Structure formats: structure tokens, C-alpha cells
Amino acid sequence: MRDNIIRAAKMLVLVAVQAFLLNNLNLFGCATPYLYIYLILCMEVDESPSKAMLWAFAMGLLVDIFSNTPGINAAASVMLAFVRPVVLRLYVSRESLEHGSPSLRTTGVGAFIKYAATATLLHHTLLVLLCYFDMGDPAGLVLRIAASSAFTLALILMIENLRR
Amino acid sequence: MRNIIAFLARYNHWLLFIILELVSFWLLFRFNSYQGSVFFTSANRAVGTVYGWVSSVNDYLGLRTANEILFDRNLELVVENERLRTVIDSLGMDAGAVSPDTSFTTVAAKVVNNSVNLLDNYITIDKGRADGVDADMGLVSPLGVVGIVCMASSHHALAISLLNSNSSVSCKLERSGYFGNLKWSGGDSRTAQLMDIPRHAEVHVGDTVVTSGYSSVFPEGLMVGVVSSHGFSPDGLTCEIDVRLSSDMAKLNMVRVVKNKHAAEHVMLSDSLKRHRQ
């Protein structure tokens, strides 16, 4: 119960930051960070996949309602929550991290960066494809995915570094 | 049967994944295909109110520039007004005899949320049905046309920004009178494209683009932008014109909703025409 309340509070803060601040950024005309996925990245390793997806859906839908993109952020977040355990196990073995949530401290710097980068890239790829597919400009899409992912990753690492 | 239940129990998160994704895509396609419910947008009451708070802070910070722009625009209009008055006088007519166009009225509104970096951008304003704002009304900033209202809740409304792939505004070149549709297909937030202008039309960089008044949404002659460059479409039949929008879509604050008193009549006529053709 207490964990749920804390997580809900974190979610509201992340959604507010996303809606009022980050959505208005468009660095070099192509980089918009989607920091809210930090909540999904930081879920405990033994969190049940169903619960993780429901949280991700709720958060994605909130971001969607605030940015007039119904369904897009929700779809990308649910996908991220679904594949996250697989991505995590690519870089972090079950022995080294049994409980708790992945972070710079618990998984080591290299593994965490690889995990966060892969997850961010997957999420942003689906998000940008759903958002901008009609634009019909493959180079522009790839640039937007790469630039936005780099921006998000930088923000995530910054926060992680402060928490360490 | 037991196997199916065991299978579902083991892979229930797969099922949940598929259901949640289906719901997301349903929301996405229903919204994009046509006006969905206002509830899942920033024009719903709770979200609109929160954006209202945030924007009142932003407005305060941007007051000085907004004031300067309004002052400039006001001065321009005063000069224009004087010039027209002299022209009317020189024609030997009484300016008072020219009756004003009363078919359009306006409602002042404040932009509470707006984006320019998506492919389908929307503008949320703080006026809704209770203030007489409804779908298919035009949205105009002090500097020019910015969008068309697509749905309204009781106290907020959502407008399709000019920067939306579904936006289409009937415009004309003020000098030559050739008309076409203003569209946007992503990219620069200061530039939109004027399509369907015939190839033989004479177009110059710097020509003014205004609304044509052919639809019931905008009256004729509202400022849209100026021609920044022009070329021909791939099939060579029409011109493709880049229009630099006169209003900076990234800095919208106070806008006016344009209501056409005769919109219902207009729609009825075109509907009956459609029925007649069938």
C-alpha cells in the first residue's frame, strides 16, 4: 500500500514535469525528452509484469491526455513495461540483482547505462513512429528518435547521479 | 479446457499486454479519424483547469512582449484606417454609409495549452460551450489565423492548430485572388504550404496570403502570412507555395474565436447540395 502511494506520487510529479515543461522543449527542432519512462525503468526487478503494465498504461494515458496524443504514450509505455524484464536480463544477471530496483549503484554504471539506453531507444522508437509516421521522412524520423533518446538518457543519468 | 486455463494463468500478462495495446490503438485511431470525446484531451475540465493555472504564470512573464506586439498591430490598423478613410473620402462617399459586416462575432479566449513539435498539434483555450464556442469556429490571434475549433466541453475547447496534418484552411493570394488550401506536413513551425494554386497564377515572394471566405469558418481577408518561396508540384499542374505564417504559433496567448451567424445556413446549403447530387 505504502509503496503504491509513493509510486503514484512519483508518477504525478513525472507527468507534471512532462506536461508542463518537457513537452514544450524541441531542441534543434527534433529532440523532445520523455523523462516519465524513468518510473518504469526504476520498478523493482521482481515486480509482476501485469502490475507494471497497468502502471505504465495509467501513466501513459495521463501524459496523453495532457498532450492531446490519445493512446500514443500509453501504447509505448505498455510496450516498454512488457519488454523491460527481458532488456534488464540482457545486461544484469539474476544473481547480481535479485531484489530491489535497477540503479547506478545496484547494477553498476556500465550495465545501467546499457539497460537504460536500450529501453529508452525501444520506447522512443515506437512513440516517434506512432506520432510522426505520416510525415514520410525516414531520415527525419531516425534523427528524432536518436536525438530524443539521447536527451532522455542524459536526464535519466543526471537524476541517477544525484540519487547515488 | 484445463490446459487452456493453465495456459492463461501462465501467460496472463501476454493477454493483458495485448488488451492494453488494443485500447491504446483504439484511442489513437478513433481520435485521429474524427472528433472523439473531449474527455481524453486537454480540453476536459480537470486538465484544462490545471493548464489554466500554469498558463497564468507564463502569461505574466510574457506580458511585456504581448503588449508590444498589440501596440504595433494597433498602430498599423490606425494608419490603415486613416488611409482607407481618405480613399473613401476621395471617392466622394460618406464613410458612415458603408455598413459594417455583422455576420461574424468574436469571443475573446486565452490559450492554456499549445504545442508545435508534434505532427498533429492542438490548441486548448479556456472558453467552451457555455461561452458560445463550438466546433467549426475559427481561431485568430492578434497577428493572424491560428486554427479551427474541433471540439468543445462546457468550459474549454480544443482547436486544430494550423500546424496539424489534418488542418486545411481555404486561403487566397490577396494581390491576384487565386485561392487554394493551406496545409502543413510537419517540419518548421513558422512555415505552412499553400496547395492547389493553378500553375499559371503569378506568385511573388512577399505576396500576402489571406483567408478566402469561401468556407463558413473565417470571414474574407484575415491575415494568414506571406509567401516565402514557391515552386511547382511534382505533377507540374499546380504551384507549391511556402507561406511564412504571420503569427508565431509557439507564442500564442490571447486569441479570438470567430463565430459566423450564418454558419448553420451555410452548412445546410452545402448539405442539401450534396444530397441533390446523389
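Residues numbered from 1 in each chain as written. Chains lettered and ligands numbered in written order. Predicted model: local features only at pLDDT ≥ 70, side-chain atom pairs only at ≥ 80, totals over all residues. Heavy atoms only, no water.

Considering the overall build of chain B
Thought 1: When its secondary structure is counted, chain B shows 4 helices and 12 strands.
Thought 2: On the principal axes, the C-alpha backbone points of chain B span a range of 95 × 50 × 40 Å.
Thought 3: Expressed as a percentage of the 278 residues in chain B, the buried residues total 39%.
Thought 4: Long-range pairs, those at least 24 residues apart, make up 60% of the contacts in chain B between residues at least 6 apart in sequence.
Thought 5: Carbon and sulfur atoms provide 60% of the accessible area of chain B, an area that totals close to 15800 Å².
Thought 6: Computing the positive centroid from 24 side-chain charges and the negative centroid from 27, chain B places the two 9 Å apart. (Helix = DSSP H or I, 4+ residues; strand = E, 2+ residues; numbered from the N terminus. Buried < 20%, exposed > 50% of the residue type's maximum accessible area, 1.4 Å probe, protein only. Contact = heavy atoms within 4.5 Å. Areas by Shrake-Rupley, 256 points an atom, 1.4 Å probe, with all protein chains shown as cover. Lys, Arg positive; Asp, Glu negative; His and termini not counted. Charge placed at Lys NZ, Arg CZ, Asp CG, Glu CD.)

A look at the pairing of strand β10 (residues 223-232) of chain B
All names here are of chain B.
Thought 1: Of the pairings in the sheet, the one linking strand β9 (residues 208-211) to β10 comprises 3 bridges and is antiparallel in character. Paired with V210 across the bridge in β10 is M223.
Thought 2: What sits between the antiparallel neighbours β10 and strand β11 (residues 238-245) is a turn of 5 residues, in which G236 has the positive phi angle 75 degrees. (Pairing = 2+ DSSP bridges.)

Side note on empty space enclosed by the protein
Thought 1: In the structure shown here, the tally under the stated rule is 1 cavity of 30 Å³ or more.
Thought 2: Taken as a whole, the largest cavity spans an internal volume of roughly 180 Å³.
Thought 3: Along the walls of the largest cavity sit 21 residues, with N23, S67 and T69 of chain A together with N117 and L118 of chain B positioned nearest its centre.
Thought 4: Of all the elements in the fold, those that place two or more residues in the lining of the largest cavity are α3 (49-67), α4 (72-91) and α6 (109-132) of chain A together with β1 (104-114) of chain B.
Thought 5: Sort the elements by how many residues they give to the lining of the largest cavity and α3 of chain A lands first, with 3 residues.
Thought 6: Partitioned by chemical class, the residues of the lining of the largest cavity number 10 nonpolar, 11 polar and no charged. (1 Å grid on protein atoms, 1.4 Å probe; cavity = no way out; pocket = protein on both sides within 12 Å on 5 of 7 lines; lining within 4 Å. Points joined across faces, edges and corners; volume = space filled by probe spheres on them. Nonpolar A, V, L, I, M, F, W, Y, C, P; charged D, E, K, R; others polar.)

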